[in-house]
Amino acid sequence: EAVEAGSPVEIEMHDIGFDKTTLTVAATTEVEFEFTNTGKIPHDAFIGDHAAQLEHDAEMAEMATMTSMDMGHGDGTDEQAITVEPGASGSLTYTFDTPGTYEIGCHQPGHYAAGMTITVIVT
C-alpha cells in the first residue's frame, strides 16, 4: 500500500498481527501512523531497520523479566515506539529520511518472532 504525504495511515493491531503487511513511502515523507488495538492483549509498534528490530526485541525480552511497572513505551522518551493497550488507540509520527527497507514490529513477548511486522519500503 502506497502512503500519501499528509494522510494518516490507519493500522489495526490484533492478536497476533497487523492488518497491513507492506507499505511504500517516499523518502523524507513524514508519516502519521494511527494504531488501534482490537485485540485482547497489549501490542506495540517499533520502527527501525531489521538490525534495530532484533536489538529492540532482545531489549524487550530482557525487560520482560522486570515488573510491568518498569517496562513499556509511551512515556515520550522513545519517539519511534508506542505501546497500545487493548481497546485503545495511539499515534506515532515518523520521518523516513533514507531509502531502504524498514519494519514496524511488535515486541511484546513472542510477537515479533511470530511475524507481527509490517515491511516499510522507502523509495
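As a reminder, the structure under discussion sits directly above these lines.
Quick look at the structure, then. Keep in mind that what you see is a predicted model, and the values were worked out from it rather than measured.

**A closer look at the sheet that holds strand E1 (residues 9-14)**
On the basis of which strands lie adjacent, the open sheet formed by four strands has the order E2-E1-E4-E7 and mixed pairing. Each edge of the sheet is formed by a strand with only one pairing partner; in this case those strands are strand E2 (17-18) and strand E7 (89-96). Where E1 meets strand E4 (residues 29-37), five bridges bridge the pair, whose relative direction is parallel. If you follow Val9 over to E4, its bridge partner there is Phe33.

**Describing unusual backbone geometry**
Cis geometry marks the peptide bond from Asp15 to Ile16; its omega dihedral reads -10°. A positive phi angle, near 70°, is found at Thr28, a position not held by glycine. Owing to a relative accessible area of 59%, Thr28 belongs among the exposed residues under this scheme.

**Things to note about the pairing of strand E9 (residues 117-122)**
Look at any regular strand and the pattern is simple: side chains alternate between the two faces of the sheet. Residues Ile118, Val120 and Val122 of E9 are buried on one face, while the alternating residues Thr117, Thr119 and Ile121, pointing to the opposite face, are not. As paired elements, strand E3 (residues 22-25) and E9 share four bridges and run parallel to each other. Each residue of the ladder has a partner; that of Thr24, found in E9, is Ile121. Across six bridges, the pairing between strand E8 (residues 100-105) and E9 is antiparallel. In the sheet register, Glu103 faces E9, and the bridge partner there is Thr119.

**Quick word on the sheet that holds strand E5 (residues 43-48)**
Across the sheet, which stays open at both edges, the five strands sit in the order E3-E9-E8-E5-E6 with mixed pairing between neighbours. The open sheet terminates on both sides in strands that have one partner only, identified here as E3 and strand E6 (81-84). With strand direction ignored, the average angle separating the axes of adjacent strands in the sheet is 20°. Inspection of the sheet shows E5 paired to E6 by four bridges, in the antiparallel sense. Its bridge partner lying in E6, Ala45 is registered against Ile82. Sitting on the sheet, helix H1 (residues 50-63) touches E5 and E8, and the angle it makes with E5 is about 140°.

Definitions and limits used
Residues numbered from 1 in each chain as written. Predicted model: local features only at pLDDT ≥ 70, side-chain atom pairs only at ≥ 80, totals over all residues. Heavy atoms only, no water. Pairing = 2+ DSSP bridges. Helix = DSSP H or I, 4+ residues; strand = E, 2+ residues; numbered from the N terminus. Buried < 20%, exposed > 50% of the residue type's maximum accessible area, 1.4 Å probe, protein only. Axes fitted to C-alpha atoms, helices over the stretch in contact; angles between N-to-C directions. Contact = heavy atoms within 4.5 Å.

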